[in-house]
Amino acid sequence: MANEDTLVMILAGGEGKRLYPLTRDRAKPAVPFGGRYRIIDFVINNFINSGFYRLKILTQYKSDSLNKHIMRGWPLSPIINQYVDLVPAQMRIDGHWYQGTADAVYQNIHHLKDEDCDYVCVFGGDHIYKMDVSKMLDYHIERNADLTISAIPIPIEQASEYGIMEVDEDWKLTGFIEKPKNKPKHIPGDETKCLASMGNYIFNKEELISELIDDAKKQDSNHDFGKNIIPDMLKEGKKVFVYDFARNEFPGMEASERGYWRDVGTIDAYWQANMDLLAYDPELNLYSKEWPLRTFNYNYPPAKFIWEELERRGMATNSMVSEGCVISGGSLSRCILSPKVRINSFSSIVDSILMENVNVGRHSHIVKAIIDKNVDIPPYTKIGFNKEEDLARGFYVSEGGVTVVPKGAKL
């Protein structure tokens, strides 16, 4: 199987500035998502479910919580050459931190040389999606490509927000434009769509090593795959093909999941992607047996809902509640709760995300908010009702009106 000849390198060192303050104390891939998961769990599950078992996680920015999550949640079996290895930034070359996505891989080029593999997957660790990566690898091999890039079709009007790839009728790459100001070339056969890069690449190993070495010698390079490696390979006439993510299928896929991919890089996008999970028929199904979503399992008791007397009721509607939560006489509507959250009597929480170990005091009311870990909300607190008051208390309020209470905040 080609999967056995493949090394996976996941870029997980991103700072995620646009997700601040959720990334104040953690790397973007370590941000919780969907109550039970971390963002990085989705790309790891994609590879494990696709039959890839040699994974290197390249970390850098505030990686402590990410390191703990990977070590505790992803113990594969090295005795049969299966592993999810953490690879911290080590300043092995020239004594500097990673200068770009390509430099991150270049500084770990010894892993490429040491591993017995023919192909290398270089994927980002900060997007939400499901994908059978083996289908992309098959496509790469069938086309005899030097590099294959996964892309998602988007409305051509949105092209200015993404790195856009232009292809010929055989889906061979002909041009790469970063956030084009003018209308780019459309997809073959569909004038309404263009192709946005997902930042996921499959290289032939020797080709990747050669390109990284050449790029490292260039003083004017940003040492980035999108800005430098891909354009250089185009100039050199290398065989670069584009894989249409919208055609990807995986076991148990529902019709609504085709082409689902979310860049949760802003607070509003992150909040909306979480809220989308609460739909009756969500575009991202967390409950599939054929495509399981694994993560670290907490040893907490089941969620508990208590009190049913007049207005004092512990209840949740259209919500996801993780283990260890106690809903004690309060109410939830359209909420996502991570483990060990407690909602006390006469409180109401609406359209919100509460992360691990949050305690909501009696008679508190929260709407359209994200409460990060380890926050104790005093009784009679209101959050999300008045932007000026939220800002005055040191909270962050997004353009879309989502209030974020930072990790460990003292109210």
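Being a predicted model, the structure only gives us computed values, none of them experimental.

1. A few points about the environment of aspartate 41
Mapped onto the elements, aspartate 41 comes out in helix H1 (residues 40-49). Exposure remark for aspartate 41: the relative accessible area of 0% places this residue in the buried category. On a C-alpha basis, the gap between aspartate 41 and isoleucine 128 in space is 8.9 Å, while along the polypeptide they are 87 residues apart. Once residues within four sequence positions are removed from consideration, aspartate 41 is found in contact with His69, Trp74, Arg294 and Thr295.

2. Considerations on the pairing of strand S11 (residues 193-204)
The buried fraction of S11 is high, at 10 of 12 residues. Looking at chain direction, strand S8 (residues 147-155) and S11 are connected through eight bridges and run antiparallel. Residue pairing for S11: isoleucine 154 is matched across the bridge by cysteine 194. Sheet analysis places strand S9 (residues 163-167) next to S11, joined by two bridges and oriented antiparallel. By the bridge assignment for S11, methionine 165 is matched with leucine 195.

3. Focus: the sheet that holds strand S27 (residues 369-371)
Strand order in the open sheet formed by six strands is S18-S21-S24-S27-S31-S30, with mixed pairing between adjacent strands. Looking at the sheet topology across the chains shown, the edges are occupied by strand S18 (320-321) and strand S30 (396-397). Bridge count between S27 and strand S31 (residues 403-405): three bridges; the pairing is parallel. Paired with alanine 369 across the two strands is threonine 403, which belongs to S31.

4. Some words on helix H5 (residues 133-142)
All of the buried residues in H5 are Val133, Ser134, Met136, Leu137, Tyr139 and His140. Contacts from the buried residues of H5 go to strand S1 (6-11), H1, strand S6 (119-124), S8, S11 and strand S12 (240-244). Positioned one or two residues after H5, asparagine 144 has a phi angle of 55 degrees, which is positive.

5. Points about the sheet that holds strand S25 (residues 359-360)
The strand order across the open sheet formed by five strands is S14-S19-S22-S25-S28, and the pairing between neighbours is parallel. Of all the strands in the sheet, just strand S14 (304-306) and strand S28 (376-377) have a single pairing partner and so form its edges. With two bridges joining them, strand S22 (residues 342-343) and S25 adopt parallel strand pairing. The partner of arginine 342 across the bridge, within S25, is asparagine 359.

6. Quick word on the pattern of salt bridges
Evaluated as defined, the whole model comprises 20 salt bridges. A salt bridge links lysine 238 to glutamate 236; the nearest nitrogen and oxygen atoms lie 3.3 Å apart. Look at lysine 238 and you get partly exposed, because its relative accessible area is 23%. The exposure class of glutamate 236 is partly exposed, given its relative accessible area of 39%. The network of salt bridges with shared partners includes Arg18, Lys28, Asp126 and Asp263.

7. Observations regarding the packing of helix H6 (residues 205-216) against helix H7 (residues 225-235)
Their axes nearest at 11 Å, the elements H6 and H7 cross at an angle of 115 degrees. The angle between H6 and H7 falls in the class roughly perpendicular. In this structure, the crossing between H6 and H7 has a hand that is right-handed. Mapping the contact onto sequence places Glu207, Leu208, Glu211, Leu212 and Asp215 in H6 and Phe225, Asn228, Ile229, Asp232 and Met233 in H7. For the contact of H6 with H7, the class distribution of residues is five nonpolar, one polar and four charged.

8. What to know about a negative patch on the surface
Together, Glu4, Asp5, Asp116, Asp118 and Glu206 give the surface a local cluster of negative charge. Here aspartate 118 falls in the partly exposed class, since its relative accessible area comes to 44%.

9. What to know about the packing of aromatic side chains
Evaluated as defined, the whole model comprises 13 aromatic pairs. Both rings, one in phenylalanine 203 and one in phenylalanine 225, keep their centres 5.6 Å apart while their planes meet at 40 degrees; by these two values the pair is tilted. Taken together, the residues span a long stretch of sequence, with phenylalanine 203 in strand S11 and phenylalanine 225 in helix H7 at a distance of 22 residues. Accessibility classification places phenylalanine 203 together with phenylalanine 225 in one group, the buried group.

10. Concerning unusual backbone geometry
In this structure, proline 21 follows tyrosine 20 across a cis peptide bond, with omega equal to 10 degrees. Following the sequence through the fold, proline 21 ends up in the loop between S1 and strand S2 (32-33). Of note in the backbone geometry, asparagine 81 takes a positive phi value of approximately 60 degrees without being a glycine. With respect to the helices, strands and loops of the structure, asparagine 81 is situated in the loop between helix H2 (64-73) and strand S5 (83-88). Unlike most non-glycine residues, histidine 363 shows phi in positive territory, near 60 degrees. As for its position among the elements, histidine 363 is in the loop between S25 and strand S26 (365-367).

11. Some details on the nonpolar core
Counting residues in hydrophobic clusters, the biggest one holds 78 residues, and the most contacted among them are Ile44, Phe47, Val105, Leu112, Phe123 and Phe225. Of the residues forming this core, the biggest block, seven residues, is contributed by S11. Setting aside residues up to four positions removed in sequence, valine 105 forms contacts with Met9, Leu11, Leu58, Leu112, Val122, Leu208, Leu212 and Phe225. If you look at the next biggest cluster of nonpolar residues, it comprises 27 residues, including Ile267, Trp271, Leu284 and Val402.

Definitions and limits used
- Residues numbered from 1 in each chain as written.
- Predicted model: local features only at pLDDT ≥ 70, side-chain atom pairs only at ≥ 80, totals over all residues.
- Heavy atoms only, no water.
- Helix = DSSP H or I, 4+ residues; strand = E, 2+ residues; numbered from the N terminus.
- Buried < 20%, exposed > 50% of the residue type's maximum accessible area, 1.4 Å probe, protein only.
- Contact = heavy atoms within 4.5 Å.
- Pairing = 2+ DSSP bridges.
- Salt bridge = Lys/Arg side-chain N within 4 Å of Asp/Glu carboxyl O.
- Axes fitted to C-alpha atoms, helices over the stretch in contact; angles between N-to-C directions.
- Parallel < 35°, antiparallel > 145°, perpendicular 65-115°, else oblique.
- Left-handed = near helix turned anticlockwise from the far one by under 90°.
- Nonpolar A, V, L, I, M, F, W, Y, C, P; charged D, E, K, R; others polar.
- Patch = residues over 30% accessible without salt bridge, like charges linked within 9 Å, V, L, I, M, F, W, Y side chains within 5 Å.
- Areas by Shrake-Rupley, 256 points an atom, 1.4 Å probe, with all protein chains shown as cover.
- Lys, Arg positive; Asp, Glu negative; His and termini not counted.
- Charge placed at Lys NZ, Arg CZ, Asp CG, Glu CD.
- Phe/Tyr/Trp six-rings, centres within 6.5 Å; stacked < 30°, edge-to-face > 60°.
- Core = buried A, V, L, I, M, F, W, Y, C linked by side-chain atoms within 4.5 Å.

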